[in-house]
Amino acid sequence: MGSDTTTTVGNRAEQLAYRYLLQNGLALVARNFRCRGGEIDLIMLDSSCLVFVEVRFRAPNRFATAGITVDHHKQRKIIRTAAMFLTRHVRFSNHTMRFDVIAIDGLEDSGPDWIKDAFRPDSSTL
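Nothing here was measured: the structure is a model prediction, and the numbers come from that model.

A. Looking closely at the packing of aromatic side chains. For the structure on display, the rule yields six aromatic pairs. Centre to centre, the rings of Phe99 and Phe119 are 5.2 Å apart; their planes meet at 25°, and the pair counts as stacked. You can see Phe99 sitting in strand S4 (residues 96–105) and its partner Phe119 sitting in strand S5 (residues 113–119), a full 20 residues away along the chain. Like Phe99, the residue Phe119 is buried in the burial classification. Joined through ring pairs, the aromatic side chains of Phe33, Phe52, Phe85, Phe92, Phe99 and Phe119 make up one cluster. Across from the ring centre of Tyr18, 4.3 Å away, lies the NZ or CZ of Arg31, which sits over that ring. Sitting above the plane of the Trp114 ring, Lys116 keeps its charged end 4.3 Å from the centroid.

B. A look at the nonpolar core. Counting residues in each nonpolar core, the largest one holds 17 residues, and the members touching the most others are Ile43, Leu50, Phe52, Phe85, Phe99 and Phe119. Put simply, the parts of the chain that give this core at least two residues each are strand S1 (27–35), strand S2 (38–46), strand S3 (49–58), helix H2 (72–88) and S4. Ranked by the residues each element gives to this core, the list is headed by H2, at five residues. Those residues in contact with Phe119 that sit more than four places away from it in its chain are Val70, Gln75, Ile78, Ile79, Phe99 and Val101. With 16 residues, the next largest nonpolar core counts Leu42, Val51, Phe57 and Trp114 among its residues.

Definitions and cut-offs
In this convention, every chain numbers its residues from 1, walking through the sequence in written order. The predicted origin of the model limits local features to residues at a pLDDT of at least 70 and limits the giving and counting of side-chain atom pairs to 80 or more, whereas totals for whole chains, interfaces and linings rest on all residues. Excluding hydrogens and water, the side-chain figures rest on all heavy atoms present in the structure. Only centres within 6.5 Å qualify two rings of Phe, Tyr or Trp (six-membered ring in Trp) as a pair; their planes then separate them into stacked at under 30 degrees, edge-to-face at over 60, and tilted for everything else. The helix count covers DSSP runs of H or I at least four residues long, the strand count covers runs of E at least two residues long, and both are numbered beginning at the N terminus. Relative accessibility thresholds used throughout: buried, under 20% of the residue-type maximum; exposed, over 50%; partly exposed, between the two (1.4 Å probe, protein chains only). In our convention, an over-ring charge means Lys NZ or Arg CZ found within 6 Å of a ring centre and within 35 degrees of that ring's normal. The definition of a nonpolar core used throughout is a set of buried Ala, Val, Leu, Ile, Met, Phe, Trp, Tyr and Cys residues joined through side-chain atoms within 4.5 Å. In this description, contact between two residues means that some pair of their heavy atoms is separated by no more than 4.5 Å.

Right, here's the structure in full:
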């Protein structure tokens, strides 16, 4: 990866996660939804469940694995951004929702680690 920029590596990781989720039967709703509060990498449908997906990449020589880098602060930002998505796309407001993480530790190594229902909002988050 030597000369790749952070953006290039991030885009490759998101594309890998996107293809992985498609292969596992999910359908795309939106990519890189942005609002003032944050960004959600992928928003997918898993049957009738609306899935907000955070994609995390870490080089294989990093101390922390990608999966543990979605801390409470990042979770709150994702949850608030999901709430904003729902205010703009009301047709999804009656769907069951889930927050997943796709953790990728090195792009050439093993496949992504799909952490379904990685976290849930509590009443104080919104």
